[in-house]
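# What the coordinates show
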Amino acid sequence: MHILFVTLTKLDRNRGDAIHAAELARHLARLGARVTLVGSGVPRFPLEGVTVLDAGPAPRGGPVRRALGFARLVARTFARTLRLGREADVIYTRAVVLGALLALCPRRPFVFEANGLQGDEKRMLSRSLWGRIEGGIVRAAEALCARRARGVVCVTPGIRDILAREYGVPADRLAVANNGVNLDLFTPQTDPQGRQALRTSLGLGDRDAAIVFLGALAPWHDVALLIDAVARLELKGRRPVLLVVGDGPPRKALEEQARTLPDPGRVVFAGDVPYAEAPRYLTLADVCALPLTQERNERIGVSPLKLYSYLACGRFTVASRVGGFDFLEERRLGALAPCGDAAAFAAALEAWLEAGADERRRVEREARRYAEEHGGWDHAARTVLDVCGRAAG
C-alpha cells in the first residue's frame, strides 16, 4: 500500500508534532507500506524506507508575513498532494486546512489524524477576540475534515468520543492510536561517565536530585506549577533541582519566575536539544515530571510522547491527575497530583525521592516493560495501516 503522508509540520525541529510524524512514517514503512512524507523541511534523523519531500520553508517574520507565508506553504503542499495523490492508495494528514481542502475533492480518499482539538487549542493560545474567531474557524474546518474523511485516527479515546458526540462522525470510521516512543533510542542507558559529564556541564552537583521535564513549553504544560512545587521541596542531605529540557513562548516568564526563588539555581533551563540527545537527559533524572492544566487535558484525555519516553528510560513519573494516567498509580510506576495543586505535586515528588534502591530498580524494570508492551510506535502504526487499508477500499 502506498500512503501519501502530508503535513504542514516543520519536520526539521525537535517538537512533538515533527517527531510524531517522522516516527509514525518510519514505522509504517517497517510494516511494509510504501510511505511518502511531505512536510516543511526534512527530519534531522534518518527515516529508513520513507521518501521525504520538502514542501518548502515554514513562514517567518511578523504576523502579516507569517500569514502570507503560511498561505503559500498550504498552496504548495496541497498542489503537491493532488499531484502525488494520483499514485497513492490513500492520503494521510493531520493538518486541518489540508484535510478541509481534501474534503472538497471526493475522489481523493484520505484519512484524518486528530492529534488534539485544534480549534480549542487556538482559543487557548490567544484569549483575544481574534483568537476566538480563529478558533471557531478552525473548529468548523476540523468538523469538515472528520466528517468527510474515510477514516479518522484519534490519539485518545476522549478525542474519539468528542468527534462522535459533537461532530457526528460515525463510530465505525473512528479508531484510537496512542502516541508512542522509539524503543531503540529511549532506553535505560548505562554510561556512568557520559552521565556524569552531562551533569557537570549542566551545573548539577553530586548531592543534587534531578527532577526532569522534557517537552515543549506550551500553555497546557503547567511548568510554572512545577517550579513552585520544586521550590517547596526539602530533602534530607540533597538539593532538588528542576531540569527543564525544551523551549517555547512561556520560557521567558518561567525564567523570571525561577529568578524570584530563594535559590534560583534550583531551576536549570537546558533549552531545546536534538531528538537523539533527549534520552541522555532523561537518564539524569531521579524522577520525571509531567504537570498538566485541567482545561484542555481533562476534556480530550492525554497520550503524550514524553510519558512513554520517561517510561522507556525506566523513570518514575509524577504527573497531574487527568484522564489516561491512572495506570501509573495502578502499576506503581508513578504518582498523580490534582491539577493546579503545587503542594500535592511537591509531596509526590518528595515521597519518591526518599524511596529506596530496591524500589527504584523495580520501577526501572517495570516501566521499561510497560513501554515495550504498550508504548512502541509499532502499535500505533498497525492501527493506522488498518484504517488506511479500509479507507483505500
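Above this text is the structure in question.
The model shown is predicted, which means the values in this text are computed figures rather than measured ones.

Moving on: the side chain of His 2. Tracing the backbone shows His 2 in strand 1 (residues 2-10). The class for His 2 is buried, based on a relative accessible area of 6%. Looking at His 2, its side chain comes within polar contact range of the main-chain oxygen of Glu 87, at 3.3 Å. Those residues in contact with His 2, other than ones at most four positions away along the chain, are Arg 34, Thr 36, Glu 87, Ala 88, Asp 89 and Val 90.

Glycine aside, a negative phi is what most residues show, and trans is what most peptide bonds show. Unusually for a residue other than glycine, Arg 332 sits at a positive phi of about 55°. Within the fold, Arg 332 resides in the loop between helix 13 (326-330) and strand 13 (334-337). We classify Arg 332 as partly exposed; its relative accessible area is 48%.

Further remarks concern the environment of Leu 11. Summarising the element assignment, Leu 11 is placed in the loop between strand 1 and helix 1 (16-30). Separated by 29 residues in sequence, Leu 11 and Ser 40 have C-alpha atoms that sit 5.8 Å apart. The contacts of Leu 11, once residues within four sequence positions are left out, are Ala 18, Ala 21, Leu 37, Gly 39, Ser 40, Gly 41, Val 42, Pro 43 and Arg 44.

This part takes up the sheet that holds strand 8 (residues 208-214). The strands that make up a sheet are held in pairs by hydrogen bonds between backbone atoms, and each pair lies either parallel or antiparallel. Read from one edge of the open sheet, six strands run 10-9-8-11-12-13, paired in parallel fashion. Two strands lie at the open edges of the sheet, namely strand 10 (267-271) and strand 13, each paired on one side alone. Each neighbouring strand pair of the sheet contributes to a mean axis angle of 25°, computed without reference to strand direction. Sheet topology note: the strand 9 (residues 239-245)/strand 10 ladder contains four bridges and is parallel. The partner of Leu 242 across the bridge, within strand 10, is Val 267.

Turning our eyes to something else, we now look at the packing of helix 8 (residues 223-232) against helix 14 (residues 342-353). One can describe the packing of helix 8 onto helix 14 by two numbers: an axis separation of 8 Å at closest approach and a directional angle of 60°. Of the possible angle classes, the one that applies to helix 8 and helix 14 is oblique. Where helix 8 crosses over helix 14, the handedness of that crossing is right-handed. Along the contact surface, helix 8 presents Leu 225, Leu 226, Asp 228, Ala 229, Val 230 and Arg 232, while helix 14 presents Ala 342, Ala 343, Phe 345, Ala 346 and Leu 349. Across the contact of helix 8 with helix 14, the residue classes tally to nine nonpolar, no polar and two charged.

Before going further, it helps to examine the pattern of salt bridges. The final tally for this structure, using the stated rule, is 26 salt bridges. Its salt-bridge partner being Arg 30, residue Asp 184 comes within 3.7 Å of it at the nearest N-O pair. With Asp 184 in the loop between strand 7 (174-176) and helix 7 (192-201) and Arg 30 in helix 1, this residue pair connects regions lying 154 residues apart in the sequence. Residue classification places Asp 184 among the exposed residues on the basis of a relative accessible area of 61%. For Arg 251, the salt bridge identified is with Asp 247, shortest N-O distance 3.4 Å. Judged by its relative accessible area of 31%, Asp 247 is partly exposed. Taken together, the salt bridges that share partners define one network made up of Glu 23, Arg 26 and Glu 48.

The subject of this paragraph is the packing of aromatic side chains. What describes a pair of aromatic rings is the distance from one ring centre to the other and the angle between the planes of the rings. Following the criterion strictly, the structure yields five aromatic pairs and no others. For the ring pair Phe 45 and Tyr 275, a centre distance of 4.9 Å and an interplane angle of 40° mean the geometry is tilted. Residue Phe 45 is found in the loop between strand 2 (34-40) and strand 3 (50-54), and its partner Tyr 275 is found in the loop between strand 10 and helix 10 (278-282); the two are separated by 230 residues along the sequence. The residues Phe 45 and Tyr 275 share a single accessibility class, namely buried. Three or more aromatic residues link up through ring pairs in this structure, and these residues are Phe 45, Phe 186 and Tyr 275.

Now for helix 15 (residues 357-375). If you check helix 15, its first and last C-alpha atoms are 26 Å apart, about what 19 residues at 1.5 Å a residue would give, namely 27 Å. Among the residues of helix 15, Arg 362, Val 363, Ala 367, Arg 368, Tyr 370, Ala 371 and Gly 375 are the ones counted as buried. The elements touched by buried residues of helix 15 are helix 12 (305-312), helix 13, helix 14 and helix 16 (377-392).

What follows concerns the sheet that holds strand 1. Taking strand neighbours across the sheet as the criterion, the seven strands line up as 3-2-1-4-5-6-7 in an open arrangement whose pairing is parallel. Every interior strand has two partners, whereas the edge strands, strand 3 and strand 7, have only one. The average undirected angle you get between the axes of adjacent strands in this sheet is 20°. In this sheet, strand 2 lies alongside strand 1 in parallel orientation, the contact comprising six bridges. Across the sheet, Leu 4 pairs through a bridge with Thr 36, a residue of strand 2. Set on the sheet, helix 6 (residues 157-166) makes contact with strand 5 (110-114), strand 6 (151-154) and strand 7; between it and strand 7 the angle comes to about 165°.

About the cut-offs
Residues numbered from 1 in each chain as written. Predicted model: local features only at pLDDT ≥ 70, side-chain atom pairs only at ≥ 80, totals over all residues. Heavy atoms only, no water. Helix = DSSP H or I, 4+ residues; strand = E, 2+ residues; numbered from the N terminus. Buried < 20%, exposed > 50% of the residue type's maximum accessible area, 1.4 Å probe, protein only. Polar contact = N/O pair within 3.5 Å; in protein donor to acceptor, adjacent residues only side chain to side chain. Contact = heavy atoms within 4.5 Å. Pairing = 2+ DSSP bridges. Axes fitted to C-alpha atoms, helices over the stretch in contact; angles between N-to-C directions. Parallel < 35°, antiparallel > 145°, perpendicular 65-115°, else oblique. Left-handed = near helix turned anticlockwise from the far one by under 90°. Nonpolar A, V, L, I, M, F, W, Y, C, P; charged D, E, K, R; others polar. Salt bridge = Lys/Arg side-chain N within 4 Å of Asp/Glu carboxyl O. Phe/Tyr/Trp six-rings, centres within 6.5 Å; stacked < 30°, edge-to-face > 60°. Expected span 1.5 Å × (residues − 1).

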